[in-house]
Amino acid sequence: MLTAASTGFSLSRQQQVLAALLAVLPARCVLSATEDTRPYECDGLAAYRQLPMIVTLPDTEQQVLAILQVCRELQVPVVPRGAGTGLSGGALPIADGVVLSTARLNRIVRVDAYARLAVVQPGVRNLAISEAAAPHALYYAPDPSSQIACTIGGNVAENSGGVHCLKYGLTVHNVLRVRVATIDGDIIELGGEALDAPGLDLLAVFIGSEGMLGIVTEVTVRLIPKPATARVIMASFDDVVTGGNAVANVIAAGIIPAGLEMMDQTSSRMVEPFVKAGYDIDAAAILLCEADGTHAEVAEEIARMTSVLEGAGASAIAVSNTEAERMRFWSGRKNAFPAAGRISPDYYCMDGTIPRKKLAEVLTGIARMEQTHGLRCANVFHAGDGNLHPLILFDANVPGEFERAEAFGADILALCVAVGGTITGEHGVGMEKINSMCVQFARAELEAFFAVKRAFDPHGLLNPDKAIPTLHRCAEFGKMHVSGGRLPFAGLPRF
């Protein structure tokens, strides 16, 4: 039997909001039955779940505005959602709120080969943009591991990257314009197709704002020419410290690879049986270094990188000779997360960023934490820009293991901050890292963040209680931290 206690929201409140939404939307655009809303109870951070009161799936920008008007008038929180592949709980529903899914806004409006741009709706898959641009020998550069499923709207919300972000940048470097529906019922455009836009650079403020400032209804992205060729070096190292130092050596040599990724032995050994990428599973760490461009440019860069890696202590080097081999090397890295399921019932994927020169120090620190917390950690990361993705392996069926995994993750983020880094690189803060925001930012900085949110969302209805911790929460976190405790995510069922 469906009860208010089992759902977390008032049934009379649900009926009121449902009636208002059905007055402005077709019935097929509104989900309220438990079996229909259950698939939206979490994003890729499945450890935290909350059944939404109502899910809306608008077909048009005008329907988005209608949903926001209803929610504004009834003071109902709104949680934007793309494909649900996010890993920080940014799309976690609110018990008495409405999920606004942009999945049906999935039209590629136009591809302009001369201006090298594409105009797309937020529900368009990341990879679909490159597929549409391929006949013009163009593509969209940011390539998250989930690019086959994740959508451009979600990429904008989280400022996603990918294995090629070192050379070609994150989402913020590849988006020219966003069209946004505000909670006040306006449509605004940030950025533009010209080299510059008048006024403040609000586009950069909006990208990575995790759905707290507005709802994306259209995105203009930059397309770049597809390189004539690309090759990948797989370099093996006898220890992770040497491998970490080799990353800094490559960049110090003035080389900016198209991709520069690192995996430790735990990661390589969990991936190889799954993908058969040809990884050296005897190495303590492997680096994947890609060169792209003309045939002459690639040949020269591969030779330079090989020389640097050999000088940095690489124990073995293999170079892809065909496009199929190159793609096989990358398939292992891109499938690291699903491969974790082969060796562990559950994993907790972290996301922190550090200065490249601190890679070896942080990897050594994570190894010590494995002993402290009694859990294994597989390390895969965008080594070129210092974006770490430690996979903490645990079993949710063992009492206390998830809490230890959380504590392990919080300690990794604290270490990232201590060495001059940040608590996130591309996964966002969401719910996952909200306590760690208290570690990184001072009271005045958090208040400045809230001031920006109030300027866009004076009602506080867009994805509230995410990304920016309240000052009260930080005060409570400080008390718990001093006493050795952990501040929980209030009211959220875990597993």
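Residues numbered from 1 in each chain as written. Predicted model: local features only at pLDDT ≥ 70, side-chain atom pairs only at ≥ 80, totals over all residues. Heavy atoms only, no water.

1. Considerations on the side chain of Asp143
Logical step 1: Along the chain, the position of Asp143 falls in the loop between strand S7 (138-139) and helix H6 (152-158).
Logical step 2: Once you skip the residues sitting within four places of it in the chain, Asp143 turns out to touch Asn126, Gly161, Gly162, Val163, His164 and Lys334. (Helix = DSSP H or I, 4+ residues; strand = E, 2+ residues; numbered from the N terminus. Contact = heavy atoms within 4.5 Å.)

2. Quick word on the nonpolar core
Logical step 1: Residues Leu287, Leu309, Ile392 and Phe408 are the most contacted members of the largest nonpolar core, which totals 61 residues.
Logical step 2: Per-element tally for this core: the top contributor is helix H15 (residues 401-418), with seven residues.
Logical step 3: When near neighbours in sequence (up to four residues on either side) are disregarded, Leu309 contacts Ile233, Ala235, Phe237, Ala246, Val250, Leu287, Cys289, Ala314 and Ile317.
Logical step 4: Among the nonpolar cores identified, the runner-up in size contains 25 residues, and Leu21, Leu25, Val64 and Val70 belong to it. (Core = buried A, V, L, I, M, F, W, Y, C linked by side-chain atoms within 4.5 Å. Buried < 20%, exposed > 50% of the residue type's maximum accessible area, 1.4 Å probe, protein only.)

3. Topic: the packing of helix H2 (residues 11-22) against helix H4 (residues 61-74)
Two numbers describe a pair of packed helices, the interaxial angle and the distance between the axes.
Logical step 1: The N-to-C vectors of H2 and H4 enclose an angle of 140 degrees; their axes lie 10 Å apart at closest approach. With respect to each other, H2 and H4 are oriented oblique. Note on packing geometry: the crossing formed by H2 with H4 is right-handed. On the side of H2, the interface is formed by Arg13, Gln16, Val17, Ala20 and Leu21, while H4 contributes Ile67, Val70 and Leu74.
Logical step 2: Residue classes in the contact of H2 with H4 are distributed as six nonpolar, one polar and one charged. (Axes fitted to C-alpha atoms, helices over the stretch in contact; angles between N-to-C directions. Parallel < 35°, antiparallel > 145°, perpendicular 65-115°, else oblique. Left-handed = near helix turned anticlockwise from the far one by under 90°. Nonpolar A, V, L, I, M, F, W, Y, C, P; charged D, E, K, R; others polar.)

4. A look at the state of the cysteines
Logical step 1: Enumeration according to the criterion identifies one disulfide in this entry.
Logical step 2: There is a disulfide in this structure between Cys438 and Cys474, and the S-S distance comes to 2.1 Å. Given an S-S torsion of about -85 degrees, the disulfide between Cys438 and Cys474 has left-handed geometry. Highlighted residues: Cys438 in helix H16 (residues 434-440) and Cys474 in helix H18 (residues 471-483), separated in sequence by 36 residues.
Logical step 3: Classification of Cys438 by relative accessible area gives buried; the value is 15%.
Logical step 4: No disulfide involves Cys150; its nearest neighbouring cysteine sulfur is the one of Cys165, lying 13 Å away.
Logical step 5: Here Cys150 falls in the buried class, since its relative accessible area comes to 2%.
Logical step 6: Unpaired in terms of disulfides, Cys289 finds its nearest cysteine sulfur in Cys165, a separation of 14 Å.
Logical step 7: Judged by its relative accessible area of 0%, Cys289 falls in the buried class. (Disulfide = S-S within 2.5 Å.)

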